[in-house]
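Descriptive structure summary
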Amino acid sequence: MSRIVSMEADLAGVVLRTPLVLAAGTAGVIDEMADVLDLSRVGAVTTKSITLQPRAGNDWWRILDLPGAAGMINAIGLANPGLDAFLEHACAGAAGGEGVAAMPCRVIASVAGFSVDEYVKVAANIDEYSSAHGGCFPLLELNVSCPNVRSGVEFGHSAGLIRELLEAVRPVVRSAKLVVKLGPMTPDLPGVALAAALAGADALNLGNTMPAMSIDVEKRRPRVANTTGGLSGPAVHPVTLKHVYETRRKLAEIRPIPIIATGGVMHWQDAAAYILAGASAVGVGTGLFVDPRCPLSITRGLEKWVARQGRTRLSELVGDLLPPETPGREEG
Ligand SMILES: Cc1cc2nc3c(=O)[nH]c(=O)nc-3n(C[C@H](O)[C@H](O)[C@H](O)COP(=O)(O)O)c2cc1C
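I will try to describe carefully the structure that is included in this document. (Residues numbered from 1 in each chain as written. Predicted model: local features only at pLDDT ≥ 70, side-chain atom pairs only at ≥ 80, totals over all residues. Heavy atoms only, no water.)

As a further point, take the site of the ligand. Surrounding the ligand, one finds 25 residues, the nearest of these being Ala24, Ser49, Gly233, Gly264 and Thr286. Within the contact set of the ligand, an oxygen atom lies 3.1 Å away from a side-chain nitrogen or oxygen of asparagine 143. A distance of 2.7 Å separates an oxygen atom of the ligand from a polar backbone atom of glycine 233. At the level of elements, β6 (72–74) and α7 (286–290) are the ones that each hand at least two residues to the shell around the ligand. Looking at the shell around the ligand residue by residue, the class counts come to eight nonpolar, 15 polar and two charged. (Near = heavy atom within 4 Å. Polar contact = N/O pair within 3.5 Å; in protein donor to acceptor, adjacent residues only side chain to side chain. Helix = DSSP H or I, 4+ residues; strand = E, 2+ residues; numbered from the N terminus. Nonpolar A, V, L, I, M, F, W, Y, C, P; charged D, E, K, R; others polar.)

In structure tokens form, the structure reads like this:
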């Protein structure tokens, strides 16, 4: 007899029906994926990262499929409609014109900016909109991979910058829970993650793409117009897996906040590995480009795995990793 398994994921009190989160920038502005995927069967959709002003993004080509199923390189350049059009058109027009609040899954609003002030304005406005529309964005994610204009580095790159950002943003986000999304190149990622947790982040998303490049040697030209871009997909999974494992351990005794693990989830095993390393939910981005319905097969695979492990709740397996199995060392 098959067991009934609860696949719910709890992100700082916001409960997702399943742990599968469509990653920022890979699922349209808000609800475009609804054309190909039943959104009532995913945990959450993340919006495209929204900036204060509209952005056209970089020139084409800006997406590249890598050989050998390594993943892809993108250099979209944060193309998005900007805050005003996002609230007036995208939010209002979602769910066939009924608005974001009518969407059948949780919606995470992703916020990006090029100054502290910009993050504050975008986050405050989206949070206010959410309060006025039935809490339609219960989670607000800060994409801190944008360069800080003042110092030229990413906001997520140091504990000091993250603290400065959260000191300004935390007070204006009154209803949504705050997620901080850190990229895999963050120096001392567990340390920066802890700084974010102590500065008021309710959850973390680890991680983002890794800086990368590809060259067409016959044409002797870079393959994306921006010359370099961000690597995502299977190649980044082992890197982010280690970050999730180490960050969970670092936070454990001080301020254990939930982690969304994002990077290279193509099959249920990739997601299961993240859960065992300590993630409460998993993001899927590149996987959607290969198969837009992959969140459903990943969820089914996870469900069977939870049952095989003799558990009734996926959450029981979060961080439940055993030590390595070793045949030991030969004497002599
Ligand atoms: C085409 C594309 C656009 C993206 N846009 C954003 C974005 O706007 N904001 C953001 O936080 N991450 C963005 N990302 C990063 C993804 O959300 C995700 O963190 C990353 O791709 C790693 O996950 P994956 O290996 O499953 O794709 C983008 C990724 C891709 C491939």
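As a further point, take the side chain of lysine 48. Inspection of the secondary structure puts lysine 48 in the loop between β4 (44–46) and β5 (63–65). Although lysine 48 lies buried, it forms no salt bridge, and the closest oppositely charged side chain, glutamate 141, sits 11 Å away as judged by the N-O distance. Not counting residues up to four positions away in its chain, the partners in contact with lysine 48 are Gly25, Gly28, Val29, Ile76, Leu78, Ala79, Asn80 and Ser110. (Buried < 20%, exposed > 50% of the residue type's maximum accessible area, 1.4 Å probe, protein only. Lys, Arg positive; Asp, Glu negative; His and termini not counted. Salt bridge = Lys/Arg side-chain N within 4 Å of Asp/Glu carboxyl O. Contact = heavy atoms within 4.5 Å.)

To continue, consider the packing of aromatic side chains. A complete count under the given rule lists four aromatic pairs for this structure. When the centroid spacing of 5.8 Å and the interplanar angle of 55° are considered together, the rings of tryptophan 60 and tryptophan 61 count as tilted. You'll find tryptophan 60 and tryptophan 61 in the same group, each marked exposed. Centre to centre, the rings of phenylalanine 86 and phenylalanine 137 are 6.0 Å apart; their planes meet at 25°, and the pair counts as stacked. Within this pair, whereas phenylalanine 86 is found in helix α1 (residues 83–93), its partner phenylalanine 137 is found in the loop between α2 (116–132) and β8 (139–143), the two being separated by 51 residues in sequence. For phenylalanine 137, a relative accessible area of 1% corresponds to the buried category. (Phe/Tyr/Trp six-rings, centres within 6.5 Å; stacked < 30°, edge-to-face > 60°.)

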